[in-house]
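# A look at the structure
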Amino acid sequence: MNRGFIMKKFVLILAVALIGCAGAFSQQITRFGVVDTSRVYNAYFRNSAPVRNFESKKAEFQNEINKRTEEIQNLKNQKVEARKNNNDTLVKKLDAEITKKTDILTEYTNAKNVELESLKKTLQNSDAFYKKLYNVLAKVAENEGYSLILSLQQANAVLWYSPSVDVTELVIAELGL
């Protein structure tokens, strides 16, 4: 099941339950909070070790690609010189080596792009992040007296809100970011 669908369903069930409780305890004031989960997500992953690892691997792969591209360019320069010197044997040898190294570079680039895409998807679907987020949201809501916190990313659930109910900064602070 889609995480967004589960979150929407959870928010809807929670809202219905709270509205039902509000009628039973009409003297209790219900406070609602909103959180910009997109900002929280970006703050969390910008500072996380997995993202730094991803960026490090990306830079490492790019350096290797640059090194191999430079080798191929050097071979092409040697081929131009060999052609100027009418050394057909060396031209053919260099041409074969350029083709081989270009093919290897293409395979390497494709493999590393697949690896990076996999790492990126893992980061975006981190259950550890969502578990931590829900625990922090519960803590912030209880400490601040909120009965319900809605996500701003589900625009159809929030028609209007006062900036005074935005607990995004509290959530980011509780995550230690």
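In this report, we go over the structure that sits alongside the text. (Residues numbered from 1 in each chain as written. Predicted model: local features only at pLDDT ≥ 70, side-chain atom pairs only at ≥ 80, totals over all residues. Heavy atoms only, no water.)

## Overview of the overall build of the chain
A tally of helices and strands in the chain yields six helices and two strands. Scanning the chain from its N terminus toward the C terminus, one meets helices and strands in the order α-β-α-α-α-α-β-α. When burial is assessed residue by residue, the chain has 28% of its 177 residues classed as buried. In the chain, the share of contacts with a sequence separation of at least 24, taken over all contacts with a separation of at least 6, comes to 81%. Accessible surface computed for the chain: about 12,100 Å², of which carbon and sulfur atoms make up 54%. (Helix = DSSP H or I, 4+ residues; strand = E, 2+ residues; numbered from the N terminus. Buried < 20%, exposed > 50% of the residue type's maximum accessible area, 1.4 Å probe, protein only. Contact = heavy atoms within 4.5 Å. Areas by Shrake-Rupley, 256 points an atom, 1.4 Å probe, with all protein chains shown as cover.)

## Examining the packing of aromatic side chains
Counted by the stated rule, this structure contains zero aromatic pairs. Its guanidinium or amino end placed over the ring of Y108, R68 lies 4.3 Å from that ring's centre, counting from NZ or CZ. (Phe/Tyr/Trp six-rings, centres within 6.5 Å; stacked < 30°, edge-to-face > 60°. Lys NZ or Arg CZ within 6 Å of the ring centre and 35° of its normal.)

## Here we look at the environment of Y130
By secondary structure assignment, the location of Y130 is in helix α5 (residues 127-144). With relative accessibility at 19%, the residue Y130 sits in the buried group.

## Focus on the nonpolar core
V40, F129 and V171 are the most contacted members of the largest nonpolar core, which totals 33 residues. For this core, the elements supplying multiple residues, two or more each, are α2 (37-46), α3 (49-84), α4 (88-124), α5 and α6 (168-174). The contacts of V40, once residues within four sequence positions are left out, are V35, F129, L133, T168, V171, I172, L175 and L177. (Core = buried A, V, L, I, M, F, W, Y, C linked by side-chain atoms within 4.5 Å.)

## What to know about α5
In this model α5 runs 25 Å from its N-terminal to its C-terminal C-alpha over 18 residues, within 8% of the 26 Å that 1.5 Å per residue would give. For α5, the full list of buried residues reads F129, Y130, L133, V136, L137, V140 and A141. Viewed end-on, α5 has its buried residues packed into an arc of 135°, placing them on one side of the element. Turned more than 90 degrees away from the buried face of α5 sit A128, K131, N135, E142 and N143, all of them exposed. (Expected span 1.5 Å × (residues − 1). Arc of directions from axis to C-beta.)

## Considering the pattern of salt bridges
Summed over the entire model, instances satisfying the criterion amount to seven salt bridges. In this structure, E71 and K101 form a salt bridge, with 3.4 Å as the shortest nitrogen-oxygen distance. Of the two residues, E71 is situated in helix α3 and K101 in helix α4; the sequence distance between them amounts to 30 residues. Take E71: its relative accessible area is 32%, and that puts it in the partly exposed class. (Salt bridge = Lys/Arg side-chain N within 4 Å of Asp/Glu carboxyl O.)

## Side note on the pairing of strand β2 (residues 148-151)
Side chains L148 and L150 of β2 all project onto a buried face; the interleaved residues I149 and S151 project onto the opposite face, where all are buried too. Across four bridges, strand β1 (residues 32-35) lies against β2 in parallel orientation. From the neighbouring strand, V35 faces β2, where its bridge partner is S151. (Pairing = 2+ DSSP bridges.)

## Concerning the environment of A141
The residue A141 is located in helix α5 in this model. With 109 residues separating them along the chain, A141 and F32 place their C-alpha atoms 8.9 Å apart. Apart from residues lying up to four places away in sequence, A141 is in contact with Y146 and I149.

## Considerations on unusual backbone geometry
Backbone geometry at N86 places phi at a positive 55°, although glycine is not the residue there. Relative to the assigned elements, N86 resides in the loop between α3 and α4.

## Notes on α3
Taking 1.5 Å as the rise per residue, α3 with 36 residues should run 52 Å; its terminal C-alpha atoms sit 52 Å apart, in good agreement. Residues of α3 that are buried include every one of V51, F54, F61, I65, I72, L75, K79 and A82, and no others. N86 sits one or two positions beyond α3 and adopts a positive phi of about 55°.

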